[in-house]
Amino acid sequence: MIDLKGHAVVITGAGQGLGAAYARAAGAAGAQVVVNDINAASAETVAEEIRQAGGLAVAEPRDIRDFAAAEALIQRCISEFGAITGLVNNAALFVDVPFEQSTTDQVRALLEVNVVGLFNCARAAVGPMLSQGRGSIVNVTSGAHTGQPGLSTYGATKGAVASFTYGWSGELRDRGVRVNAVSPMASTPMSHNNPALARAETIAPAVLFLLSDRAKDITGQIVRLTGKHLSIMCHPANRAPVLEREVWTLETVAEAFETTLAANQLPTNVVTYEIASIQS
Ligand SMILES: NC(=O)c1ccc[n+]([C@@H]2O[C@H](COP(=O)([O-])OP(=O)(O)OC[C@H]3O[C@@H](n4cnc5c(N)ncnc54)[C@H](O)[C@@H]3O)[C@@H](O)[C@H]2O)c1
């Protein structure tokens, strides 16, 4: 039986959609929950639902784009519950637009929340977590980071989330703080409440597991859960063979492609494939 008793977690963007589902599930599992959203009314509604169901929750509406606000959010967890054992970096913005119609303003707007805001919350949480010798950061990426048509701006921000996850997990490994990410897919306002997608509640078990002590040996992973399908995503890496020469010339690079590397190209948008089936 896994529960989150003794855990105090901050969940960003938890006023609706997946974040609200994570917050309700964490509250039901015994965690003390700080429900964040830029929308104060929705954060308060979710916190009240958790309390009505017998859980412990407070709302802390903040705009995570601002580092001081992120620090205040993390400090609220510590002042309210005495510690911060988990952070679910869930808040994000979305845009679905072909590259040739994309704008600098869209890129900046998404970077500010999805990358800078996510960084702010983790950066504010990591000091207290290291002092405690205990913490789990669960970032939220997306299958779009593999290169889905129309989603390159959104996907690029989620690629940054994946790289933060790999980098932070390596630095914090063996110091008591784990860093993983989830790559969900569910029916929410962001996905236009698409009824063909899984319900948001069905993604919560992956997030709760990563927050829990049962995941004590899991770090640096992207866990993909889309309803029925659960997997971990592979990390970017050099694909064998790695060819070696003292000096590469234009001619030998071209030959390397013609004899070996061209046949080794992997497709983009690999989220719709499995590496084992690509290699076979
Ligand atoms: N829904 C999906 O199928 C899907 C797929 C892949 C990844 N994701 C990711 O899951 C997470 C949750 O997505 P969702 O579908 O529930 O989205 P959503 O749009 O329904 O909810 C996002 C929440 O974040 C809040 N938010 C936005 N900016 C904020 C800020 N500056 N500070 C604090 N809160 C802010 C919003 O008010 C909103 O309540 C996101 O990171 C999203 O990229 C979702």
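Since the model is a prediction, treat every value here as computed from it, not as a measurement.

### Quick notes on the site of the ligand
Residues in contact with the ligand amount to 31 residues; listed here are only the nearest, Gly 13, Gly 17, Ala 92, Thr 188 and Met 190. Broken down by secondary-structure element, the contributors of at least two residues to the shell around the ligand are α1 (17–28) and α4 (104–132). Residue contributions to the shell around the ligand peak at three residues, all from α1.

### Re the packing of α1 against helix α2 (residues 40–52)
It is the contact of α1 with α2, at a shortest axis distance of 9 Å, that shows an interaxial angle of 25°. The orientation of α1 with respect to α2, classified from their angle, is roughly parallel. In terms of crossing hand, the pair formed by α1 and α2 is right-handed. The residues of α2 that touch α1, namely those facing Ala 20, Ala 23, Arg 24 and Gly 27, are Val 46, Glu 49 and Ile 50. Across the contact of α1 with α2, the residue classes break down as four nonpolar, one polar and two charged.

### Considerations on the domain arrangement of the protein
By the assigned domains, the protein splits into domain 1 (8–232) and domain 2 (250–279). Contact with domain 1, which involves four residues of that partner, is made by four residues of domain 2.

### Comments concerning the pairing of strand β2 (residues 32–35)
The alternating pattern of β2 places Gln 32 and Val 34 on one face and Val 33 and Val 35 on the opposite face, and all of these are buried. As paired elements, strand β1 (residues 8–11) and β2 share four bridges and run parallel to each other. By the bridge assignment, Ala 8 is partnered in β2 with Gln 32. Of the crossover connections in this fold, the one passing from β1 over α1 to the parallel β2 is right-handed. The pairing of β2 with strand β3 (residues 56–59) spans four bridges and is classified as parallel. Note that in β3 the partner of Gln 32 across the bridge is Leu 56. The β-α-β motif built from β2, the intervening α2 and the parallel element β3 has right-handed crossover chirality.

The rules behind the values
- Residues numbered from 1 in each chain as written.
- Predicted model: local features only at pLDDT ≥ 70, side-chain atom pairs only at ≥ 80, totals over all residues.
- Near = placed C-beta within 6 Å.
- Helix = DSSP H or I, 4+ residues; strand = E, 2+ residues; numbered from the N terminus.
- Axes fitted to C-alpha atoms, helices over the stretch in contact; angles between N-to-C directions.
- Parallel < 35°, antiparallel > 145°, perpendicular 65-115°, else oblique.
- Left-handed = near helix turned anticlockwise from the far one by under 90°.
- Contact = placed C-beta atoms within 7 Å.
- Nonpolar A, V, L, I, M, F, W, Y, C, P; charged D, E, K, R; others polar.
- Domains from an automatic or database assignment.
- Buried ≥ 20, exposed ≤ 12 C-beta atoms within 10 Å, placed from the backbone.
- Pairing = 2+ DSSP bridges.
- Right-handed = clockwise from strand over helix to strand, strands pointing away.

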